Amino acid sequence: MEKKLELAPSLLVEAQKQRITLDLTDTSLKNPIEATALVESGRLKTTDMYAYRDEKAGHACKDLQAGLLKVTPNKFLPEKLCACLPGWRGHGTSCQMC
């Protein structure tokens, strides 16, 4: 079973304010509510184009724009940053071939 990281409340907001670099590469979040809210509000900006594509799993993901937070999109916020490829159905990284 994959372990997930539980961040302290407001950790991402405080890190942004204090310009602290966080490397959360290959990290899944236990509670992605704060990160999701930051993406939805535009405080964490995503790339316009999909930066990561997994043909075998049938999804592509946008990344966070260059900044203080480094992530692996399909692990960090798969439901927000990823979508199924054409010919696949589902949501986020949970895709099945049509």
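Above this note sits the structure.
Residues numbered from 1 in each chain as written. Predicted model: local features only at pLDDT ≥ 70, side-chain atom pairs only at ≥ 80, totals over all residues. Heavy atoms only, no water.

Time to look at the pairing of strand β6 (residues 88–91). In terms of strand pairing, β6 meets strand β7 (residues 94–97) through four bridges, oriented antiparallel. Residue pairing across strands places His91 opposite Ser94, the latter belonging to β7. Counted along the chain from β6 to the antiparallel partner β7, the turn is two residues long, and its residue Gly92 has a positive phi close to 65°. (Pairing = 2+ DSSP bridges. Helix = DSSP H or I, 4+ residues; strand = E, 2+ residues; numbered from the N terminus.)

For the structure shown, the criterion picks out two disulfides. A disulfide bridge connects Cys61 with Cys82, and the sulfur atoms are separated by 2.0 Å. One quick way to see it: the torsion about the S-S bond of Cys61 and Cys82 is about 100°, and its sign makes the bridge right-handed. Highlighted residues: Cys61 in strand β3 (residues 59–61) and Cys82 in strand β5 (residues 82–84), separated in sequence by 21 residues. Each member of the pair Cys61 and Cys82 is classed as buried. Here Cys84 is linked by a disulfide to Cys95, with a sulfur-sulfur distance of 2.1 Å. Its S-S torsion of about -95° marks the bond between Cys84 and Cys95 as left-handed, since a negative value means left-handed. (Disulfide = S-S within 2.5 Å. Buried < 20%, exposed > 50% of the residue type's maximum accessible area, 1.4 Å probe, protein only.)

All told, the structure shown has four salt bridges when counted by the stated rule. Glu40 is the salt-bridge partner of Lys80, the closest N and O atoms lying 3.2 Å from each other. Of this pair, Lys80 sits in helix α4 (residues 78–81) while Glu40 is found in helix α2 (residues 33–41), placing the two residues 40 residues apart along the sequence. Its relative accessible area of 38% is what places Lys80 among the partly exposed residues. Owing to a relative accessible area of 55%, Glu40 belongs among the exposed residues under this scheme. Two residues, Glu55 and Arg53, come together in a salt bridge whose shortest N-O distance is 2.4 Å. (Salt bridge = Lys/Arg side-chain N within 4 Å of Asp/Glu carboxyl O.)

None of this, on its own, says anything about what the molecule does.
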